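Chain and residue survey
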Amino acid sequence: MNQDTLRIGIGHDTHRLKPGGPLRIGGIDIEHSHSLDGHSDADVLLHALTDALLGALALGDIGTLFPDNDPANRDRDSADFVDEARRQMTAAGYQLGNVDCIVFAQQPKLAPHREAIRARLAELLNVKTEAISLKAKTGELVGPVGRREAIEAQVIALLETTD
Ligand code: MG
């Protein structure tokens with residue numbers, strides 16, 4: 001890869017909701033009536049974050065690295081996916097500048113959990129909390145998010161060279 005000074009990446013993910021909590025988002029478990037359905041732990045925010053990092057590096061996506069038909073990835077902690085993307089970022093000679101995240105969920109309210117999620121993302125990425133922005137939006141009661149059928153996440157990440 002050309003050693004560009006800056007690289008930008010975007011990630012997006014959607015997971016269906018199913019009855020029964022807790023709800024895993026951003027590496028923390030939130031008490032809720034529903035959880036996300038998926039092959040791994042279905043952490044929609046960590047999946048979008050992983051894809052943003054891989055996207056910035058033009059290294060494919062989470063499905064390429066961790067196929068959802070691989071039994072090794074069943075119920076897997078999505079922190080492993082972020083770890084691998086971070087390892088590849090470091091190997092390519094980059095460090096994280098900042099990330100901006102949006103979680104789209106009709107329920108629950110994420111504001112009370114924002115600082116815990118930011119702290120967990122900062123820990124996973126080995127950056128200061130100030131490098132992590134987290135916003136939450138509802139679906140305004142329309143669409144799959146608004147009808148509480150799904151939760152979505154979007155993340156944009158800026159990488160910079162380490163030297
Ligand atoms: Mg996913």
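All of these numbers come straight from a predicted model, not from anything done at the bench. (Residues numbered from 1 in each chain as written. Predicted model: local features only at pLDDT ≥ 70, side-chain atom pairs only at ≥ 80, totals over all residues. Heavy atoms only, no water.)

**Quick word on the overall build of the protein chain**
In terms of helices and strands, the protein chain carries five helices and seven strands. Each helix and strand of the protein chain, placed in order from N terminus to C terminus, yields the pattern β-β-β-β-α-α-α-β-α-β-α-β. Projected onto its principal axes, the C-alpha positions of the protein chain cover 45 × 35 × 25 Å. Looking at the protein chain as a whole, 45% of its 163 residues qualify as buried. Looking at the protein chain alone, contacts between residues at least 24 apart form 72% of all its contacts between residues at least 6 apart. (Helix = DSSP H or I, 4+ residues; strand = E, 2+ residues; numbered from the N terminus. Buried < 20%, exposed > 50% of the residue type's maximum accessible area, 1.4 Å probe, protein only. Contact = heavy atoms within 4.5 Å.)

**Observations concerning the coordination of the magnesium ion**
Distances from the magnesium ion to its protein donors, namely D13 (OD), H15 (NE2) and H47 (ND1), fall within the range 2.1 to 2.2 Å. Each donor residue of the magnesium ion belongs to the same chain, with the gaps between them written as D-x1-H-x31-H. Here the residue D13 occupies a position in strand β1 (residues 6-19), and H47 occupies one in helix α1 (residues 44-57), the gap between them amounting to 34 residues. When its relative accessible area of 7% is taken as the criterion, H47 is described as buried. (Donors = N, O, S within 2.8 Å, 3.2 Å for Na, K, Ca; no water.)

**Quick look at the nonpolar core**
Counting residues in hydrophobic clusters, the biggest one holds 40 residues, and the most contacted among them are L45, L49, L53 and I151. Listed by contribution, the elements that provide at least two residues to this core are β2 (23-25), β3 (28-30), α1, α3 (79-91), β5 (94-104), α4 (114-125), β6 (132-137) and β7 (150-161). Per-element accounting of this core gives the leading share, 10 residues, to α1. Not counting the four nearest positions on each side in its chain, L45 is found in contact with I25, G26, C101, V103, I117, L121, L134, A153 and V155. (Core = buried A, V, L, I, M, F, W, Y, C linked by side-chain atoms within 4.5 Å.)

**Brief notes about the pairing of β7**
In this structure, β1 lies alongside β7, joined through 11 bridges in antiparallel fashion. Bridged to T14 within β7 is E152. (Pairing = 2+ DSSP bridges.)

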